[in-house]
Amino acid sequence: MKNFLISALVLSLLIACGAPEQSKINESKIKSYSWSLVTTWPKNYPGLGMAPERFSTLVEEMSQGQLKVKVYGAGELVPAMGVFDAVSSGSVEMGHGGAYYWKGKVPAAQFFAGVPFGFTADEINAWVYRGGGLELWEELYKPFNMKPLPGGNTGTQMFGWFNKEINSLDDIKGLKMRFPGFGGEVFKRAGGVPVNIPGGELYTAMQTGTIDAVEWVGPYNDLAFGFQQVAKYYYYPGWHEPGSMLEFTINIEAWDSLPSHLQSIVSTAAKAVNQDLLNEYNASNNRALQDLIKNHNVQLRELPKDVINEFRSISEEILETSAANDPAVNKVYQSFKKFMAEVKSFNAIAGDAFIEARTNSDTDS
Ligand code: CA
């Protein structure tokens, strides 16, 4: 009887102590969240614009409706280039875009979209997720009250669309071309005139002659925008964007307000979308390129090697100068450079040698 009383007392004490904790857990499972996500892309745009749509679907399914994220295309709530400020100020909880769009506010952020002659998609994923990149990126956005997460990758892009052939840097002189990021600075140093215009306005800008040339993404996305109707030559390779990463941005207060299981769902859904978008590009680009050549009479051209070499040496100069002039750029640049040296030397042994072996076996057969 005595033992029974003691056990009952202990049990009721345990229940009493556990109750507030239990109710906190229950509350975190019951409270629902409705977020808004603004993007730099037209609503439902193939590839780029579908990444946040798929993220939203995944988050809602995984959380069983506890977290709903409503996606707005460029211009629906804020203009394309207003995404950063909207998330930073907390007027919306999330954004989706490319980190190099914010180079005027955070120059070092450009490394997290990609820099000329920089990382491929696999390499930037490795650097950001496993090589210290994400921590540096978080540090850059923290003063703006935001947290970044990788949000997709376009794979290696094309150089772009022109109405004349590019045989030397002289052909670039005075050419007005849509060109974001460090790539735009390289283009400027080479004698061109870079402008940054949101994707949705590019076709009209080409059609009306506001710009002479345009770089956007690659065959899959460029076909969707109809650049084949306003330009004749399609140049490669996209030395300026070898594997551009997209970003999700999250307002830090909104992030902190989420219970940990929803934070985990957000991170995991972003990770899934980051890979899925690259898969989509890899699966769609070749088909779109064949369509452009066969059905739209697009003239495919490779940039001459000496032009690429000139762009490469200007790129190196610009990255070095930017790093020398800005400690924040330098910090990211040093990490980028170190990781680049490591992956490059291994890829020369593994990936590059294999691609060469495979290409040669194609030629032989
Ligand atoms: Ca591009």
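Residues numbered from 1 in each chain as written. Predicted model: local features only at pLDDT ≥ 70, side-chain atom pairs only at ≥ 80, totals over all residues. Heavy atoms only, no water.

Asks: Got a sec to walk through the overall build of the protein chain? Specific residues and values, please.
Replies: Looking only at helices and strands, one finds 13 helices and 11 strands in the protein chain. Counting only C-alpha atoms, the protein chain reaches 95 × 50 × 45 Å along its principal axes. By element, 54% of the accessible surface of the protein chain is carried by carbon and sulfur atoms, the whole surface being about 17000 Å². For the protein chain, the separation between the mean place of its 31 positive charges and that of its 40 negative charges on side chains is 4 Å. (Helix = DSSP H or I, 4+ residues; strand = E, 2+ residues; numbered from the N terminus. Areas by Shrake-Rupley, 256 points an atom, 1.4 Å probe, with all protein chains shown as cover. Lys, Arg positive; Asp, Glu negative; His and termini not counted. Charge placed at Lys NZ, Arg CZ, Asp CG, Glu CD.)

Asks: Explain the coordination of the calcium ion to me, using residue names and the numbers behind them.
Replies: Metal coordination angles in their ideal form are 109.5 degrees for the four-donor tetrahedron and 90 or 180 degrees for the six-donor octahedron. Distances from the calcium ion to its protein donors, Gln157 (OE1), Glu215 (OE), Glu215 (OE), Trp216 (O) and Glu241 (OE), fall at 2.2 to 2.7 Å. Mapping the donors of the calcium ion onto the primary sequence yields the spacing Q-x57-E-W-x24-E. Linking Trp216 in the loop between strand 8 (213-214) and helix 8 (219-225) with Glu241 in the loop between strand 9 (233-236) and strand 10 (245-251), this pair joins segments that are 25 residues apart in sequence. By relative accessible area, which is 3% here, Trp216 ends up buried. Its relative accessible area of 2% is what places Glu241 among the buried residues. (Donors = N, O, S within 2.8 Å, 3.2 Å for Na, K, Ca; no water. Buried < 20%, exposed > 50% of the residue type's maximum accessible area, 1.4 Å probe, protein only.)

Asks: Outline the pattern of salt bridges, listing residues and values.
Replies: Enumeration over the complete set of coordinates arrives at 13 salt bridges. Between Asp85 and Lys105 there is a salt bridge, with its nearest N and O atoms 3.1 Å apart. Within this pair, whereas Asp85 is found in helix 3 (residues 83-89), its partner Lys105 is found in the loop between strand 3 (94-97) and helix 4 (121-130), the two being separated by 20 residues in sequence. Judged by relative accessible area, which is 40%, Asp85 ranks as partly exposed. Overlapping salt bridges bring together Arg54, Asp276 and Glu280 as one network. (Salt bridge = Lys/Arg side-chain N within 4 Å of Asp/Glu carboxyl O.)

Asks: So, the packing of aromatic side chains: which residues are in play, and what are the values?
Replies: Under the counting rule described, the total for this entry stands at 35 aromatic pairs. When the centroid spacing of 5.6 Å and the interplanar angle of 70 degrees are considered together, the rings of Phe111 and Phe182 count as edge-to-face. Of this pair, Phe111 sits in the loop between strand 3 and helix 4 while Phe182 sits in helix 6 (residues 181-189), and the two are 71 residues apart along the sequence. For Phe111, a relative accessible area of 1% puts it in the buried group. Taking relative accessible area as the criterion, Phe182 reaches 3% and is therefore assigned buried. (Phe/Tyr/Trp six-rings, centres within 6.5 Å; stacked < 30°, edge-to-face > 60°.)

Asks: So, the environment of Ser264: which residues are in play, and what are the values?
Replies: Structurally, Ser264 is set in helix 10 (residues 260-296). C-alpha of Ser264 to C-alpha of Val186: the two residues are 78 residues apart in sequence and 39 Å apart in space.

Asks: Pulling in residues and values, what's your account of helix 5 (residues 133-141)?
Replies: If you check which residues of helix 5 are buried, you get Gly133, Leu134, Leu136, Trp137, Leu140 and Tyr141. For helix 5, the angular spread of buried residues about the axis comes to 160 degrees, placing them on one side. Looking at the packing, one finds that the buried side of helix 5 touches helix 3, helix 4, strand 4 (146-153), strand 10 and helix 12 (327-349). (Arc of directions from axis to C-beta. Contact = heavy atoms within 4.5 Å.)

Asks: Which residues make up the layout of surface pockets, and what values go with them?
Replies: Computed from the structure, the largest pocket encloses a volume of approximately 980 Å³. Listed by contribution, the elements that provide at least two residues to the lining of the largest pocket are helix 4, helix 11 (305-325), helix 12 and helix 13 (351-364). Among the residues making up the lining of the largest pocket, the classes are represented as 11 nonpolar, 7 polar and 10 charged. (1 Å grid on protein atoms, 1.4 Å probe; cavity = no way out; pocket = protein on both sides within 12 Å on 5 of 7 lines; lining within 4 Å. Points joined across faces, edges and corners; volume = space filled by probe spheres on them. Nonpolar A, V, L, I, M, F, W, Y, C, P; charged D, E, K, R; others polar.)

Asks: Describe the sheet that holds strand 3, and please don't skip the residues or the numbers.
Replies: Spatially, 5 strands are ordered 2-1-3-10-4 in an open sheet, and the strand pairing comes out mixed. Strands at the two margins of the open sheet, each flanked by one partner only, are strand 2 (67-72) and strand 4. Taking each pair of neighbouring strands and ignoring which way they run, the sheet shows an average axis angle of 25 degrees. Across 4 bridges, the pairing between strand 3 and strand 10 is antiparallel. Bridge pairing in strand 10 links Gly95 to Thr249. Seen against the sheet, helix 10 touches strand 1 (33-39), strand 2, strand 4 and strand 10 and runs at an angle of roughly 30 degrees to strand 4. (Pairing = 2+ DSSP bridges. Axes fitted to C-alpha atoms, helices over the stretch in contact; angles between N-to-C directions.)

Asks: Please set out the packing of helix 5 against helix 12 residue by residue, giving values where relevant.
Replies: The geometry of a pair of packed helices is captured by two quantities: the angle between their axes and the separation between those axes. Packing of helix 5 against helix 12 leaves a shortest axis separation of 10 Å and a crossing angle of 170 degrees. Of the possible angle classes, the one that applies to helix 5 and helix 12 is roughly antiparallel. Across the interface between the two elements, Leu136, Glu139 and Leu140 of helix 5 pack against Ala328, Lys331, Val332 and Ser335 of helix 12. For the contact of helix 5 with helix 12, the per-class residue count stands at 4 nonpolar, 1 polar and 2 charged. (Parallel < 35°, antiparallel > 145°, perpendicular 65-115°, else oblique.)

Asks: How would you explain the side chain of Asn274 if you had to name every residue and give the values?
Replies: On the secondary structure map, Asn274 appears in helix 10. Of the polar contacts made by the side chain of Asn274, one reaches the backbone nitrogen of Gly152; its length is 2.8 Å. In this view, Asn274 contacts Asn125, Tyr129, Pro150, Gly151, Gly152, Asn153 and Met245; residues no more than four positions away in its chain are not counted. (Polar contact = N/O pair within 3.5 Å; in protein donor to acceptor, adjacent residues only side chain to side chain.)

Asks: So what about helix 12? Which residues, and what values?
Replies: Compared with an ideal rise of 1.5 Å per residue, which puts 23 residues at 33 Å, helix 12 spans 34 Å between its outermost C-alpha atoms and is within 8% of the ideal. Listed in full, the buried residues belonging to helix 12 are Val329, Val332, Tyr333, Ser335, Phe336, Phe339, Met340 and Val343. Of the surrounding secondary structure, the elements contacted by the buried residues of helix 12 are helix 4, helix 5 and helix 11. Where helix 12 begins, the side chain of Asp326 points an oxygen toward the backbone nitrogen of Ala328, at a separation of 2.9 Å. (Expected span 1.5 Å × (residues − 1).)

Asks: Account for the nonpolar core, naming residues and giving values.
Replies: Residues Phe55, Phe111, Phe112, Trp127, Tyr141, Trp216 and Phe311 are the most contacted members of the largest nonpolar core, which totals 109 residues. Per-element accounting of this core gives the leading share, 11 residues, to helix 10. (Core = buried A, V, L, I, M, F, W, Y, C linked by side-chain atoms within 4.5 Å.)

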